[in-house]
Structures are given as C-alpha cells and as structure tokens.
Amino acid sequence: MINKKVKNVQEALQGVQSNMTLMLGGFGLCGIPENAIAELVKLEVRAVTCISNNAGIDDFGLGRLLQKKQIKKMISSYVGENDEFERQMLSGELEVELTPQGTLAEKCRAAQAGFPAFYTPAGYGTEVAEGKETREFDGKMYVLEPAFKADFAFVKAWKGDAAGNLVFKGTSRNFNPNMCGAATITVAEVEELVPVGTLDPDHVHIPGIFVQRIFQGKNYEKRIEQRTVRKKQ
Amino acid sequence: MALDKNGIAQRIAQEVQDGFYVNLGIGIPTLVANYVRTDIEVEFQSENGVLGMGPFPFEGEEDADIINAGKQTITTLPGASFFDSSLSFAMIRGKHVDLTILGAMEVAENGDIANWKIPGKMVKGMGGAMDLVASAENIIVAMMHTNKRGESKLLKQCSLPLTGVGCVTKVVTSLAVLEVKNNQFHLLERAPGVSVEEIQKGTAGTLIVNGEIPEMILS
C-alpha cells in the first residue's frame, strides 16, 4: 500500500502559491472541500484561478475567497447565488469564463484521462464557441474544447483510506471524481478516514492512484442552499 | 384565459410518455413532475448527478448531500442512482435522456433559444442548458408567451445571446402549444378561452395557423 495520508490540512496544502490554477469539487455548496477552502483563506494566496462549477455564496464556499479578493479568475458554469461575485465581475476586478456544465466536467475528465482536447456539440453557434475550432461529424457541428491544466485539485469525499481510495455520498459526488488526477497534485479531504482494508474494492469510486494526499477533514458544516421539504400527512 | 405556470406544467406533463428518462430545468419545468400520470413509469434525471429523483423530503429528513440541480433538497425513489458530472452529461450528450424540458427568455422561429444571459445586466451562466439543448432531440420549452413588458418571446430572431441553435421542437406557453419546424411556429393548440387572434398578437415570429385550432384539454 502506498501511503497518501497527511496529518492535517496544513500539510495537505503545502506548495500552494499565489497565481496558481486550482480545481475545486462541489455543486453549489454540496460536496465542496470545506477544509481546503478555509485553509486557502488562511494562507492568503492571491490571484488564483479557480475551476469550480459554482462560486459559493457570499459567506461560504468559494465566496470566502472572493470576499478576501484572492481570486483573479473563475471558470464556472453557473454563478447566480453570490452578490460579491456579481459586484467584482461587473467592476472588472474578477475575470470570469463561463463554460457549459458538461464541458466543464469533461475538461476535467480529459485532463484526468490524458486527452488534450475533445469535440462537444455544447455551445456551437453561441458566444462560447467564438474563436474555437469547429468541425462537422455526420452532419452535426462540434466545438473543440481543450483539457484543463491545473496545479492543485481539491476534492471532498465521504470516506477514504490512506491508500487514497475514495467513496462519495449522494449528489455530493458531482465534479469531485472528475477532478481527481486532473491536476498536478490532487488533495482529498474526507469525512471519515477508514483503516486500509475496510473499503470493499468493488465499492471504491476513485482508486488511490488519482490522489496524492488525503486527510481527515474536520468541522463540516454542509450547509443547505435551498431547504425544500413537504409536510407529513 | 391564459395559463399560469402550473397550467403550462400540466399541459407539458401530457408529453411525458411511459418509459421516458426526463431532465427538468429550473422554474416551470420543475412543476411538471407534479402532473405526470401515475400509471406510467418515468425517471427524472438531475444533471448534478441523480437519476430517479423523488419528491422533497419530509421536514427533518433533509440531507445536505442529496440535492437537485436547483440546489433544493430532494429524495430518491427505489431504483435511483447517483453518478459524477461527467457521466451525467454522458447521459445527456449521448442522447440517453429522452426528453428535456427547460425555460427560455426567447425562442426564434428557426428553433434558436436564448436563456442564459442579458448583456449589461446579471450574467448567471448557462449551467447545463447548452449541453442539454445541443444534444437532446426532444426539447420542449416552457415559458410565458410574452415577457413582463408584454413583448413577444416567440421571435423571428433571438435578440439575446444564444444558448443553442435550431434545437427547439416544441413550445408550450401561457397561450398555446406550438411546433417549431421549417422556420415557422405552427399553432397546435390554444389555451382554454384564448383566441387565435390573441396568440397571433403575442407572436412576433411567423405563425402558421392551419384549419381549426383545438383548445388544450387539461384534466
């Protein structure tokens, strides 16, 4: 067993510097690497480029980095829940590259899987395709999209072991598995670090080969953005 | 009388067939699930990574790890599955999802759709809409026939930045059901009590009216 375990978030984020490109898993506030984000705020790294489907809310998730003006550029598909984001974008302080959600996921997966680029129909004929190579296959038009290049990927899993194997829960899986191994260094934080040998190999979602560092996360808030319920009859 | 959002959802629910995998967008489309016949088998896909979505959880049973694409807490039904974002869009791009229902700001008579950006105002982003409209063969747009200023949302040409080109096949609005083909809107049904003249007046794009147009039947 190759040991990927580090003792805490400080050790896990060693080497993170200003101006780097970072991938962060999560959809809305679901499955975001809460511990890594808190540490990025503490480290005061600046001018980072963040690849993340959303930008958090004003006081949580990537919203915390935005508040401290640590982000130079966001690459996301939907950023509608964040006033500070809107302010920085409209004032030109923040660069934003909006990318179709499926393309965003695939640009991660392509980096993970060693593909330099891929063709997708998403965005053809729209401003997303402007300046990009297009090509026809079987009478339909496609846009060439390059794989992402990132320095660090921060992902959050439900369970993991020191070998770096990961298991996700519910829809908190989202972009997390696609970002594993898609950056130079993948850092996984888990709600529960279990002893090696207790995860059934048949049930592992992401094999440890895609993960360089893993640590036991702490104090998860797991906030809910839209609490919708029905009454018991 | 023009339909409200629930009326539009109720009419669109009639388009959902037995054995369909369906992706519902945010807004009016989400309401469609409430009106689908209970004697057919349908599975709802949410692009954040769940197939087999159920109703909202009972109070106290919400799980922060189980949400839909609108970030609302949900439940799953027996037979449901979770998956990552790449696989989710493989279902969409790979045409495994049978029906996509989404909202729009504008639809053009050539099937173009705009629903993600108003230049100079807030840009929220396209989310999964560009992937959905570029891939699905069966796309129904759910929207009010006119905007808040009373202007038509069914146009000769979209004025807003496009989400996709030539992709919309059917539109269900507060006034009518329309098919989009041959660069024209073809009127199929009228909302109860709404005249062809009213629909004509609210439609800036080319509207084809062939013969007697029936009223929608909403049970």
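Our subject is the structure that appears above.
Bear in mind that the values here come from a model prediction, so they are computed numbers and not experimental data. (Residues numbered from 1 in each chain as written. Chains lettered and ligands numbered in written order. Predicted model: local features only at pLDDT ≥ 70, side-chain atom pairs only at ≥ 80, totals over all residues. Heavy atoms only, no water.)

**Regarding the sheet that holds strand β11 (residues 176-181) of chain B**
Residue and element names in this part refer to chain B.
Part 1 of the reasoning: One open sheet accounts for ten strands, arranged β4-β3-β2-β1-β5-β8-β10-β11-β12-β13; its pairing is mixed. Looking at the sheet topology across the chains shown, the edges are occupied by β4 (76-82) and β13 (207-208).
Part 2 of the reasoning: Two elements, strand β1 (residues 21-24) and strand β2 (residues 43-46), share three bridges in a ladder whose sense is parallel. The partner of V22 across the bridge, within β2, is F44.
Part 3 of the reasoning: Each of β5 (99-103), β8 (139-142), β10 (170-172), β11 and β12 (184-190) touches helix α1 (residues 5-13); the most contacted strand, β8, lies at about 165 degrees to it. (Pairing = 2+ DSSP bridges. Helix = DSSP H or I, 4+ residues; strand = E, 2+ residues; numbered from the N terminus. Contact = heavy atoms within 4.5 Å. Axes fitted to C-alpha atoms, helices over the stretch in contact; angles between N-to-C directions.)

**Description of the packing of aromatic side chains**
Part 1 of the reasoning: This structure, assessed with the given rule, holds three aromatic pairs over all chains.
Part 2 of the reasoning: Seen from their ring centres, F137(A) and Y142(A) are 5.6 Å apart, and the 80 degrees between their planes marks the pair as edge-to-face.
Part 3 of the reasoning: Judged by its relative accessible area of 32%, F137(A) falls in the partly exposed class.
Part 4 of the reasoning: We classify Y142(A) as buried; its relative accessible area is 19%.
Part 5 of the reasoning: With a centroid separation of 5.7 Å and 10 degrees between ring planes, the pair formed by F152(A) and F154(A) is classed as stacked.
Part 6 of the reasoning: Taking relative accessible area as the criterion, F154(A) reaches 0% and is therefore assigned buried.
Part 7 of the reasoning: By way of ring pairs, the aromatic residues Y119(A), F137(A) and Y142(A) are connected into one cluster.
Part 8 of the reasoning: The positively charged end of R230(A) is found above the aromatic ring belonging to F58(B), 4.0 Å away from the centroid. (Phe/Tyr/Trp six-rings, centres within 6.5 Å; stacked < 30°, edge-to-face > 60°. Buried < 20%, exposed > 50% of the residue type's maximum accessible area, 1.4 Å probe, protein only. Lys NZ or Arg CZ within 6 Å of the ring centre and 35° of its normal.)

**Description of helix α3 (residues 85-93) of chain B**
Residue and element names in this part refer to chain B.
Part 1 of the reasoning: Most of α3 is tucked away, with seven of its nine residues classed as buried.
Part 2 of the reasoning: Those residues of α3 that fall on the buried side of the exposure criterion are S85, S86, S88, F89, M91, I92 and R93.
Part 3 of the reasoning: The opening residue of α3, the one whose side-chain oxygen lies 2.9 Å from the backbone nitrogen of S86, is D84.
Part 4 of the reasoning: Positive backbone phi, at 65 degrees, marks K95, one or two positions downstream of α3. (Polar contact = N/O pair within 3.5 Å; in protein donor to acceptor, adjacent residues only side chain to side chain.)

**Let's talk about the pattern of salt bridges**
Part 1 of the reasoning: Tallied over the full model, the rule gives 28 salt bridges over all chains.
Part 2 of the reasoning: One salt bridge in this structure joins K222(A) and E191(A), with 3.1 Å as the shortest N-O distance. Linking K222(A) in the segment after β11 (213-216) with E191(A) in strand β10 (residues 185-193), this pair joins segments that are 31 residues apart in sequence.
Part 3 of the reasoning: With a relative accessible area of 24%, K222(A) lands in the partly exposed category.
Part 4 of the reasoning: R227(A) is paired through a salt bridge with E62(B); the nearest N and O atoms lie 2.5 Å apart. (Salt bridge = Lys/Arg side-chain N within 4 Å of Asp/Glu carboxyl O.)

**Observations concerning the interface of chain B and chain A**
In many analyses, interface size is given as the accessible surface area lost on bringing the parts together.
Part 1 of the reasoning: Each partner contributes to the interface: chain B provides 48 residues, whereas chain A provides 52 residues.
Part 2 of the reasoning: Summing the contributions of chain B and of chain A, the shared interface buries around 4,300 Å²; its carbon and sulfur component is 58%.
Part 3 of the reasoning: On the chain B side of the interface with chain A, the three residues burying the most area are F58(B), D65(B) and K71(B), jointly 18% of the side's total.
Part 4 of the reasoning: Across the pair E59(B) and K231(A) runs a salt bridge whose closest N-O atoms are separated by 3.1 Å.
Part 5 of the reasoning: Between the two partners, chain B and chain A, sit 32 residue pairs in polar contact (both at pLDDT 80 or more).
Part 6 of the reasoning: Listed by contribution, the elements that provide at least two residues to the side of chain B that touches chain A are α3 and α4 (129-135) of chain B. (Buried area = accessible area lost by both parts, 1.4 Å probe.)

**Points about the sheet that holds strand β9 (residues 154-155) of chain B**
Residue and element names in this part refer to chain B.
Part 1 of the reasoning: One open sheet holds the three strands; their spatial order is β7-β6-β9, and the pairing between them is mixed. Here the strands that pair on one side only, and so sit at the sheet edges, are β7 (113-114) and β9.
Part 2 of the reasoning: As judged from the two bridges shared by strand β6 (residues 106-108) and β7, these two strands associate in the antiparallel manner. When the bridges of β7 are listed, E106 appears paired with A114.

**Focus on the nonpolar core**
Part 1 of the reasoning: Grouped together as the largest cluster of nonpolar side chains are 51 residues, with contacts concentrated most on V22(B), V32(B), I101(B), V141(B) and V171(B).
Part 2 of the reasoning: Excluding its chain neighbours within four sequence positions, the residues that come into contact with V141(B) are I12(B), L102(B), G103(B), A104(B), V107(B), I113(B), V168(B), K170(B), V171(B) and V172(B).
Part 3 of the reasoning: Core analysis: the second largest hydrophobic core is formed by 40 residues, F60(A), L62(A), F152(A) and W116(B) among them. (Core = buried A, V, L, I, M, F, W, Y, C linked by side-chain atoms within 4.5 Å.)

**Some words on unusual backbone geometry**
The general pattern is negative phi for most residues beyond glycine and trans for most peptide bonds.
Part 1 of the reasoning: Positive phi is not limited to glycine here, since E44(A) has a value of about 55 degrees.
Part 2 of the reasoning: Tracing the sequence through the fold places E44(A) in the loop between α2 (34-43) and β2 (48-51).
Part 3 of the reasoning: Classification of E44(A) by relative accessible area gives exposed; the value is 57%.
Part 4 of the reasoning: Its identity is not glycine, yet N182(B) carries a phi of approximately 50 degrees, on the positive side.
Part 5 of the reasoning: With respect to the element layout, N182(B) can be found in the loop between β11 and β12.

The analysis is restricted to geometry; functional conclusions fall outside its scope.
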